[in-house]
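Summary of the model geometry
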Amino acid sequence: MPIIKKPSRLVTRRSALKGLAVGTGAVAAAGTLPGFVRYSQAQSSEPIRIGFQVHRTGIGAAYGRWYDRTTQAATKAINDAGGINGRPVEIIAEDDGTDPKRGAEVVEKFASQHNCDLAFGTLFSHVVFGSAPRAGELKIPYFVVSEGHHVASGKLNRYTLQPGITDVKSQVQAMAPFVSDNLGKKVTMIYPDFAFGHDHRDYFSAALEQQGGEVIAKIAIPPTESSFTKYFPKIPRDTEVIYHVMVGPAVLTFVKEMGEFYGPNKPEIFGFIDSLEAVDMASPGLEFLEGSYFWEGNPRYAQKDQSTYDKDYRAAVGVDDNGASVSDPKDVSTYSHMFGCWETLYTIKDGMEAAGYKGPEDRTKLIEAVESITDIPHSAEHPQGAKIFNGKTHQVFGHQYISKVKDGKLELAHTTSIEDTLYDDEVDYTTQPF
Amino acid sequence: MDLGPYLLLASLEGAVAAAVLALTAVGLSLVFGVMRVVNVAHGEFFMLGAVLAWWFASLVAGHPAFGFVLALICAPLIAAVIAAAADYFVLKRLNYDPEATIVATIGLLYIIQQTVLMTYGPDARPVEAPFNARIYLPWFGYSTYKFFVIGAAIVLLIGVWIMLTKTRIGLVLRASQLDSEMALAFGIKVDQVYAMVFGLGAGLAAMAAVLVVPIQQAHYLMGGDPLLLSFIVVIIGGLGSIAGTVVAAILIGMSDGIISVFFSPTLAKIIATLLVAFVLIFRPTGLFGKRSI
């Protein structure tokens, strides 16, 4: 009988000790890693990859910096609470240079190179316009935080949604009653000469007419302009209110030169805070704005009746009561816009959880789930306020704030209702095929 | 607004634009005249001046005038030193070959721009004007600082002119411009002259930027417009002609101011560009340029 030598199955003392040491080490390590154990229940612990299209350079850079901080803070908060469907969220950020062509390339990179589940984050309307068609072609959900009216206007596609920030049309429309009741009926508008400015021009003129007011002059300024005095003579003398909305690096010059031009005999001034996002209200020249009014998406200065949600959100992102970075009081946030990143990420979370999202094959389910969202309550996830999402137009609607400049700070003067911001649907994306 | 005050405002705006433009363009023209180098990075030296001005102004506490004066002295100096170094380490190695120097200065443009982006960041930052009194005219107010810009630019341009025509340095510069080989034969250290001219050109651009930065803000992309306008001015005035450059700067600056106020800024740019095209067709050497030998 041949002797078969069996391979030894006996465990030696040495290997047993080794295995034991590695095993306990791993368990101990897992215990110390925050959130590690919680993901272990999920079918897949692969992270959900969110492509973050961010304006790190170009004219949108200040917004980009704060969009990034808010996004990182929201991601941390979501991951600390167990992630989405038990999976961690991973942000893959790419700079689009605030450039539409680069924007489309970035979306393409997210879809084909980084294997992202979706793309998110863009602010500037021309970048959204440049990128959204590509997102539609690549069939990757594209959640923008842009406040342009392009989503709800029907010009984009079923893959593009804006659930975290209201659009210009509703913002502007909600301002008209306040302006005509409190400031004056004859308005001169000064706005940048591209889509965003044209939205202001068209929707505010129409809304003001409904209130019995009139826009008596419309002054379009090229977005690259660096000197503004030459435009001010075009403001008619009988102007009661100057309505200004400027963006880009030259906004301080704009206000300063307006101050030099008018001095103390100024008309009432109503502006969109876009003109001064990321700009310290104590900057030289801005004292001219004392007593003027601003639209704010979310009050920059912590108000007396600040909600606990706002307080917690401020702390999570690292913003102090004056709207500046806690680490550098000169680094002022883009408080009226960046909450959109926080809220959009939570809406993505809700959508993915409702859709039972597992991977890119469920992208259409995610879009359908978000489309079916309607009421969004004021909460830690939505610190700016309650909102109503319109699944047909892919656009969210919410409260708008009007603040007055008092002692160099912005003090909340009026909060609009959500109803003030609603308008008739211009599109039904849900009828479009995927 | 009535036509009179309207025209006054337009002329004032035009004069400020012309003053800044003349300083910037003279720098570009000087470099081309003496070295035959088309400095595409000229606008970036302008930007560097503005960014350095912000930095110096933020170093000094107290009255904004102290920081401004410090910036007015130091920012152009630093820009000049960087430019002279670029001349020594890059342009000289290319033997000032016209095509190669264009490519090299394009490279320089990106290096400066991106370095500023990485260090100073993408924000536009204000510099407080040394004084900011407002003149009350019956029709509109105007900043006194803008008059200072016009005055300072005139003084600086007269200084450059005196230096070129009355001093030994100017003589050496003109000699190198007329015939660099002959100048070399007469013992003029042409390399040093070239480094100095390149530095001077950059310094003038930086100086213009320091003057303008309390009106505008320092931003890493601000070099594009001055470069384009300087080229327009230098082409209209005649490449290498200082007098032509100043005249063209006044022409372009004033017409830009007046056309922008009465019609639109876009039209002003269109007309300036059209003027360049006509000058190139009918008088390729520019209004004041001499035919090269």
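Residues numbered from 1 in each chain as written. Chains lettered and ligands numbered in written order. Predicted model: local features only at pLDDT ≥ 70, side-chain atom pairs only at ≥ 80, totals over all residues.

**Quick notes on the overall build of chain B**
Rules: A run of H or I in DSSP becomes a helix once it reaches four residues, and a run of E becomes a strand once it reaches two; helices and strands are each numbered from the N terminus. A radius of gyration in this sense is built from C-alpha atoms; the matching globule rule multiplies 2.2 Å by the number of residues raised to 0.38. Comment: burial labels come from other C-beta atoms within 10 Å of the residue's own C-beta, placed from the backbone, where a count of 20 or more is buried, 12 or fewer is exposed, and between is partly exposed. C-beta atoms are first placed from the backbone for all residues, and any pair lying within 7 Å is then listed as a contact.
Of the regular secondary structure elements, chain B holds 11 helices and two strands. Listing every helix and strand of chain B by position from the N terminus yields α-α-α-α-β-β-α-α-α-α-α-α-α. In terms of overall size, chain B behaves like a compact globule, its C-alpha atoms giving a radius of gyration of 19 Å where 293 residues would be expected to give roughly 19 Å. Here the C-alpha coordinates of chain B stretch approximately 65 × 50 × 35 Å along the principal axes. The buried share among the 293 residues of chain B stands at 49%. A sequence separation of at least 24 residues applies to 77% of the contacts in chain B between residues at least 6 apart.

**A look at the interface of chain A and chain B**
Applicable threshold: Classes in brief: Ala, Val, Leu, Ile, Met, Phe, Trp, Tyr, Cys and Pro nonpolar; Asp, Glu, Lys and Arg charged; the others, Gly included, polar.
Listed by partner, the interface residues are 20 residues for chain A and 27 residues for chain B. Those elements that place two or more of their residues in the side of chain A that touches chain B are α3 (61-80) and α8 (251-262) of chain A. Considering every element that reaches the side of chain A that touches chain B, the biggest residue donor is α8(A), with five residues. Each residue belonging to the side of chain A that touches chain B can be placed in one class, and the counts come to 10 nonpolar, seven polar and three charged.

**Brief notes about helix α7 (residues 195-210) of chain A**
All names here are of chain A. We apply this condition: By this rule the span expected of a helix is its residue count minus one, scaled by 1.5 Å.
Here α7 contains 16 residues, and its C-alpha end-to-end distance of 23 Å stays within 8% of the 22 Å for a straight helix at 1.5 Å per residue. Those residues of α7 that are buried lie in contact with α5 (125-138), α6 (168-183), β6 (186-192), β7 (214-221) and β8 (241-244). A positive backbone phi angle near 85 degrees is found at Gly212, which sits one or two residues after α7.

**Quick look at helix α11 (residues 265-282) of chain B**
All names here are of chain B. The following threshold applies: When we speak of the arc, we mean the arc of directions from the helix axis to the C-beta atoms.
A rise of 1.5 Å per residue sets the reference length of α11, with its 18 residues, at 26 Å; its end C-alpha atoms lie 26 Å apart and thus fit the reference within 8%. Of the residues making up α11, those classed as buried are Pro265, Ala268, Ala272 and Val279. Axial view of α11: buried residues confined to an arc of 50 degrees, hence all on one face. Counted as exposed and oriented over 90 degrees from the buried face of α11: Thr273, Leu274, Ala277, Phe278, Ile281 and Phe282. For α11, the secondary structure elements touched by its buried residues are α9 (224-237) and α10 (242-262).

**A look at the sheet that holds strand β12 (residues 387-390) of chain A**
The cut-off we apply is this: Only when DSSP finds a minimum of two bridges between them are two strands counted as paired.
Taking strand neighbours across the sheet as the criterion, the three strands line up as β11-β12-β13 (chain A) in an open arrangement whose pairing is antiparallel. Edge positions in the sheet fall to β11 (375-376) and β13 (395-398) of chain A, since each of these pairs with one other strand and no more.

**Some points on the confidence of the model for chain B**
Residues and elements named next belong to chain B. Our working rule: Note on scores: pLDDT gives the predictor's confidence for each residue, bounded by 0 and 100.
Mean pLDDT for chain B: 88, with 98% of residues reaching 70 or above. Mean pLDDT per element in chain B: strand β1 (residues 134-136) is the minimum at 81, and helix α2 (residues 42-59) is the maximum at 93. The ipTM, which scores confidence in the relative placement of chains, is 0.76 for this predicted complex, and the corresponding pTM is 0.78.

**Some details on the domain arrangement of chain A**
Residue and element names in this part refer to chain A. We apply this condition: For the domains described, the bounds stem from an automatic or database domain assignment.
In terms of domains, chain A is made up of domain 1 (48-167 + 337-399 + 424-431) and domain 2 (168-305 + 402-414). Summarising the inter-unit geometry, the C-alpha centres of domain 1 and domain 2 are found 28 Å apart. On the side of domain 2, 14 residues touch domain 1, which itself brings 17 residues to the contact. When residues of the side of domain 1 that touches domain 2 are traced back to their parent elements, those giving at least two are α3, α5 and α10 (335-355).

**A few points about the environment of Val405(A)**
Residues and elements named next belong to chain A. Tracing the backbone shows Val405 in strand β14 (residues 401-406). Given 21 C-beta atoms within 10 Å, Val405 falls into the buried group. When sequence neighbours within four positions are dropped, the list of residues in contact with Val405 reads Leu289, Glu290, Gly291, Ser292, Phe294 and Leu410.

**Considering the nonpolar core**
Residue and element names in this part refer to chain B. What counts is decided by this rule: To count as a nonpolar core, a set of buried Ala, Val, Leu, Ile, Met, Phe, Trp, Tyr and Cys residues must be joined through C-beta atoms within 7 Å.
Core analysis: the biggest nonpolar cluster contains 213 residues, and Val20, Ala50, Ala53, Val197, Ala206 and Ala209 have the highest contact counts within it. Here the element with the most residues in this core is helix α1 (residues 3-35); it accounts for 20 residues. If we skip the residues at most four places from it in the chain, Ala53 touches Ala71, Ala75, Val127, Ala209, Val210, Val213 and Ala218.

**Re the confidence of the model for chain A**
Any segment with low pLDDT has predicted coordinates that should not be analysed in fine detail. Overall, the prediction assigns chain A a mean pLDDT of 88, with 89% of residues at 70 or greater. Mean pLDDT per element in chain A: helix α2 (residues 36-39) of chain A is the minimum at 45, and strand β4 (residues 142-143) of chain A is the maximum at 97.

**Observations regarding the environment of Ala218(B)**
Residue and element names in this part refer to chain B. With respect to the helices, strands and loops of the structure, Ala218 is situated in the loop between α8 (190-212) and α9. Between the C-alpha atoms of Ala218 and Met254, which are 36 residues apart in sequence, the distance is 24 Å. The contacts of Ala218, once residues within four sequence positions are left out, are Ala50, Val51, Ala53, Trp54, Ala124, Arg125, Val127 and Val213.

**A short note on the environment of Ser143(B)**
Its location among the elements puts Ser143(B) in strand β2 (residues 141-143). Distance from Ser143(B) to Ser264(B), taken between C-alpha atoms, is 23 Å for residues 121 residues apart in sequence. The residues touching Ser143(B), leaving out its near neighbours within four places in the chain, are Glu260(A), Asn132(B) and Arg134(B).

**Topic: the packing of α9(B) against α10(B)**
Residue and element names in this part refer to chain B. Stated precisely, the cut-off is as follows: Angles here are taken between N-to-C directions and fall from 0 to 180 degrees, while the axes themselves are lines fitted to C-alpha atoms, restricted in helices to the stretch in contact. Each angle receives one of four descriptions, namely roughly parallel if under 35 degrees, roughly antiparallel if over 145, roughly perpendicular if within 65 to 115, and oblique otherwise. A crossing counts as left-handed when the near helix is turned anticlockwise from the far one by less than a right angle, and as right-handed when that turn is clockwise.
At a minimum axis separation of 8 Å, α9 and α10 run at an interaxial angle of 120 degrees. By the angle between their axes, α9 is oblique relative to α10. For the element pair α9 and α10, the recorded crossing hand is right-handed. Contacts between α9 and α10 involve Leu229, Ile232, Val233, Val234, Ile236 and Gly237 on the former and, on the latter, Gly244, Thr245, Val247, Ala248, Ala249 and Ile252. By residue class, the composition of the contact of α9 with α10 is nine nonpolar, three polar and no charged.

**Topic: the packing of α2(B) against helix α3 (residues 64-91) of chain B**
Pairs of packed helices are described in terms of their axes, by the angle between the two and the distance that separates them. Residue and element names in this part refer to chain B. Closest axis-to-axis distance for the α2/α3 pair is 7 Å, and the angle between their directions is 140 degrees. Taken together, the axes of α2 and α3 lie oblique to each other. For α2 against α3, the interelement crossing comes out right-handed. Contacts between α2 and α3 pair Phe45, Leu48, Gly49, Leu52, Ala53, Phe56, Ala57 and Leu59 from the former with Pro64, Gly67, Phe68, Leu70, Ala71, Cys74, Ala75, Pro76, Ile78, Ala79 and Ala83 from the latter. Classifying every residue of the contact of α2 with α3 by side-chain character gives 17 nonpolar, two polar and no charged.

**A look at the pairing of β6(A)**
Residue and element names in this part refer to chain A. The following threshold applies: With the strands aimed away from the viewer, a crossover counts as right-handed if its path from the first strand over the helix to the second runs clockwise.
The buried fraction of β6 is high, at six of seven residues. Two strands pair when backbone bridges link them, and β6 and β7 are joined in this way by seven bridges, in the parallel orientation. Bridge assignment links Met189 to a residue of β7, and that residue is Lys218. A crossover links β6 with its parallel partner β7, the connecting element being α7, and its sense is right-handed. Two elements, β6 and β8, share four bridges in a ladder whose sense is parallel.

**So, the sheet that holds strand β5 (residues 160-161) of chain A**
Residues and elements named next belong to chain A. Ordered in space as β2-β1-β3-β4-β5, the five strands form an open sheet in which the pairing is parallel. Bordering the open sheet on either side are β2 (89-95) and β5, each of which pairs with just one other strand. Alignment of strand β1 (residues 48-54) against strand β3 (residues 118-120), held across three bridges, turns out to be parallel. By the bridge assignment for β3, Gly51 is matched with Ala119.

**Observations regarding the pairing of β1(A)**
Residue and element names in this part refer to chain A. Buried residues dominate β1, accounting for six of its seven residues. By the bridge criterion, seven bridges tie β1 to β2 in an arrangement that is parallel. Paired with Gln53 across the two strands is Glu94, which belongs to β2. Once the chain exits β1 it traverses α3 before rejoining the sheet at β2, and the crossover so formed is right-handed.

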